[in-house]
Amino acid sequence: MGDRWHVEVDRGVCIGSGMCVTSAPEGFRLDTARQSHPQQSETDASEEILAAAEGCPVEAITLTMLGSGESVYPPED
């Protein structure tokens, strides 16, 4: 069984660029106010979801390991 992540979008930071939807359309959606939402708050680890988090221009997406809460993105310094 592979890693599972908790996906969260800080809608106070999100600017609605849609980069996450472009990178991972199965992982994110924009609401009518152009705010990003994860399709599921818990998901299997995937390159597409990670690419969406890394590509967010305002770093509004955080990924953490389910269970341990260890940060996947952004990386801890």
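Because the structure is predicted, anything quoted here is derived from the model rather than measured.

Reading the values: the criteria
Think of each chain on its own: its residues are numbered from 1, step by step along the sequence as written. Reporting of local features is limited, given that this is a predicted model, to residues whose pLDDT is at least 70; pairs of side-chain atoms are given and counted only at 80 or more, and all residues count toward the totals for whole chains, interfaces and linings. The basis for the side-chain values is all heavy atoms of the structure; hydrogens and waters are excluded. Here, a salt bridge means any side-chain nitrogen of Lys or Arg that lies within 4 Å of a carboxyl oxygen of Asp or Glu. Here a strand is any run of E in DSSP of at least two residues, a helix any run of H or I of at least four, and the numbering for each starts at the N terminus. Residue exposure (1.4 Å probe, protein chains only): buried if accessible area is under 20% of the type maximum, exposed if over 50%, otherwise partly exposed. What makes a nonpolar core is a set of buried Ala, Val, Leu, Ile, Met, Phe, Trp, Tyr and Cys residues whose side-chain atoms join them at distances within 4.5 Å. When checking whether two residues touch, look at their non-hydrogen atoms; a contact exists if any pair is within 4.5 Å. Arc, as used here, means the arc of the directions from the helix axis to the C-beta atoms. Polar contacts, as used here, are pairs of N or O atoms within 3.5 Å; protein pairs need one atom able to donate a hydrogen and one able to accept it. Residues neighboring in sequence count only if both atoms are side-chain atoms. Paired strands, as defined in this entry, are two strands with at least two bridges between them according to DSSP. The axes used here are C-alpha line fits, helices contributing only the stretch in contact, and every angle between their N-to-C directions lies in the interval 0 to 180 degrees.

**Comments concerning the pattern of salt bridges**
Part 1 of the argument: Going through the model one piece at a time under the given rule, you end up with 1 salt bridge.
Part 2 of the argument: Where Arg4 meets Asp44, a salt bridge forms, and the shortest distance between an N and an O atom there is 2.8 Å. With Arg4 in strand β1 (residues 4-9) and Asp44 in strand β4 (residues 42-44), this residue pair connects regions lying 40 residues apart in the sequence.
Part 3 of the argument: You can call Arg4 partly exposed: its relative accessible area is 27%.

**What about the nonpolar core?**
Nonpolar side chains in soluble globular proteins tend to end up buried together.
Part 1 of the argument: With 17 residues, the main nonpolar core has Trp5, Val7, Val9, Phe28, Ile49, Ile61 and Leu63 as its most contacted residues.
Part 2 of the argument: At the level of elements, β1, α2 (47-55) and β5 (61-65) are the ones that each hand at least two residues to this core.
Part 3 of the argument: No other element matches the 4 residues that α2 contributes to this core.
Part 4 of the argument: Those residues in contact with Val9 that lie beyond four places of it in its chain are Cys14, Phe28, Ser36, Pro38, Ala60 and Ile61.

**Brief notes about α2**
Part 1 of the argument: Ile49, Leu50, Ala52 and Ala53 are the residues of α2 that are buried. When α2 is viewed along its axis, its buried side chains cluster within an angular range of 155° and face the same direction.

**A few points about the environment of Asp44**
Part 1 of the argument: With a relative accessible area of 46%, Asp44 lands in the partly exposed category.
Part 2 of the argument: Setting aside residues no more than four positions away along its own chain, Asp44 makes contact with Asp3 and Arg4.
Part 3 of the argument: In this structure the side chain of Asp44 is engaged in a polar contact, spanning 2.8 Å, whose partner is the side chain of Arg4.

**Overview of the sheet that holds β1**
Adjacent strands of a sheet form backbone hydrogen bonds with each other and so pair up, either parallel or antiparallel.
Part 1 of the argument: Here 4 strands make up an open sheet; going across it, the order is β4-β1-β5-β6 and the pairing antiparallel. Two strands close off the open sheet at either side, each with one partner strand: β4 and β6 (71-73). Pairwise comparison of adjacent strand axes, ignoring direction, gives a mean angle of 35° for this sheet.
Part 2 of the argument: By the bridge criterion, 3 bridges tie β1 to β4 in an arrangement that is antiparallel. Within the sheet, the bridge partner assigned to Arg4 lies in β4 and is Asp44.
Part 3 of the argument: Across the face of the sheet, α2 comes into contact with β1, β5 and β6 while running at roughly 135° to β5.

**Examining the pairing of β1**
Part 1 of the argument: Where burial is concerned, the two faces of β1 differ: the one with Trp5, Val7 and Val9 is buried and the one with Arg4, His6 and Glu8 is not.
Part 2 of the argument: In this structure, β1 lies alongside β5, joined through 5 bridges in antiparallel fashion. Within β5, the residue paired with His6 across the bridge is Thr64.

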